Amino acid sequence: MDALQLNAELYRNLGIIAEDEGMLDKVVKYVRNLAKKMQADPTLMSKEEFFARVDEAEREIAEGKGTRFTDKAEMNAWLNSL
């Protein structure tokens, strides 16, 4: 099914469900949750992921792979280049 057919099917079924306020409320909550998942911030991470990244960064620094800056301007120039 393509997007147009799916859209038509959705509206057809919503027309049936719209007669029952309780069912319509369930559909709205479900769709709202789906929308939230699609809009989730991709930069968010779990505690475990965060600390794994910190551990990895510490390991890289110990291996000499880190980037060092002599002053704030140098750091800002590097950040702006990303």
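Here goes a summary of the coordinates provided. (Residues numbered from 1 in each chain as written. Predicted model: local features only at pLDDT ≥ 70, side-chain atom pairs only at ≥ 80, totals over all residues. Heavy atoms only, no water.)

Counting its secondary structure elements, the chain contains four helices and zero strands. Listing the helices and strands of the chain from first to last along the sequence gives α-α-α-α. For the chain, the C-alpha radius of gyration of 24 Å lies well beyond 12 Å, the compact-globule estimate for 82 residues. With the C-alpha coordinates of the chain rotated into their principal frame, the extents come out at 65 × 25 × 25 Å. When the accessible surface of the chain is summed, it comes to about 7800 Å², and 59% of that surface belongs to carbon and sulfur atoms. Of the charged side chains in the chain, 12 are positive and 16 negative, and the gap between their average positions amounts to 2 Å. (Helix = DSSP H or I, 4+ residues; strand = E, 2+ residues; numbered from the N terminus. Rg over C-alpha atoms; globule rule 2.2 N^0.38 Å. Areas by Shrake-Rupley, 256 points an atom, 1.4 Å probe, with all protein chains shown as cover. Lys, Arg positive; Asp, Glu negative; His and termini not counted. Charge placed at Lys NZ, Arg CZ, Asp CG, Glu CD.)

What follows covers the pattern of salt bridges. Any two side chains of opposite charge can pair, so long as their charged atoms come close to each other. In this structure the tally under the stated criterion is five salt bridges. For the salt bridge of glutamate 63 with arginine 59, the shortest nitrogen-to-oxygen distance reads 2.6 Å. Because the salt bridges share partners, they merge into one network encompassing Glu56, Arg59, Glu63 and Lys65. (Salt bridge = Lys/Arg side-chain N within 4 Å of Asp/Glu carboxyl O.)

What follows concerns the packing of aromatic side chains. Enumeration over the complete set of coordinates arrives at two aromatic pairs. With a centroid separation of 5.1 Å and an interplanar angle of 75 degrees, the aromatic rings of phenylalanine 50 and phenylalanine 51 are classed as edge-to-face. Plain terms: the ring middles of phenylalanine 69 and tryptophan 78 are 5.5 Å apart, the flat faces sit at 55 degrees to each other, and that makes the pair tilted. Here phenylalanine 69 falls in the partly exposed class, since its relative accessible area comes to 32%. You can call tryptophan 78 partly exposed: its relative accessible area is 36%. (Phe/Tyr/Trp six-rings, centres within 6.5 Å; stacked < 30°, edge-to-face > 60°. Buried < 20%, exposed > 50% of the residue type's maximum accessible area, 1.4 Å probe, protein only.)

The next point concerns the environment of glutamate 60. Structurally, the position occupied by glutamate 60 is in helix H3 (residues 47–62). Separated by 24 residues in the primary sequence, glutamate 60 and lysine 36 have C-alpha atoms spaced 35 Å apart. Every residue in contact with glutamate 60, bar those within four places of it in the chain, is listed here: Lys65 and Gly66. (Contact = heavy atoms within 4.5 Å.)

What follows is about a nonpolar patch on the surface. Taken together, the side chains of Phe69, Met75, Trp78, Leu79 and Leu82 define a hydrophobic patch exposed on the protein surface, amounting to about 470 Å² of accessible area. Judged by relative accessible area, which is 33%, methionine 75 ranks as partly exposed. (Patch = residues over 30% accessible without salt bridge, like charges linked within 9 Å, V, L, I, M, F, W, Y side chains within 5 Å.)

Keep in mind these numbers describe shape, not what the thing actually does.
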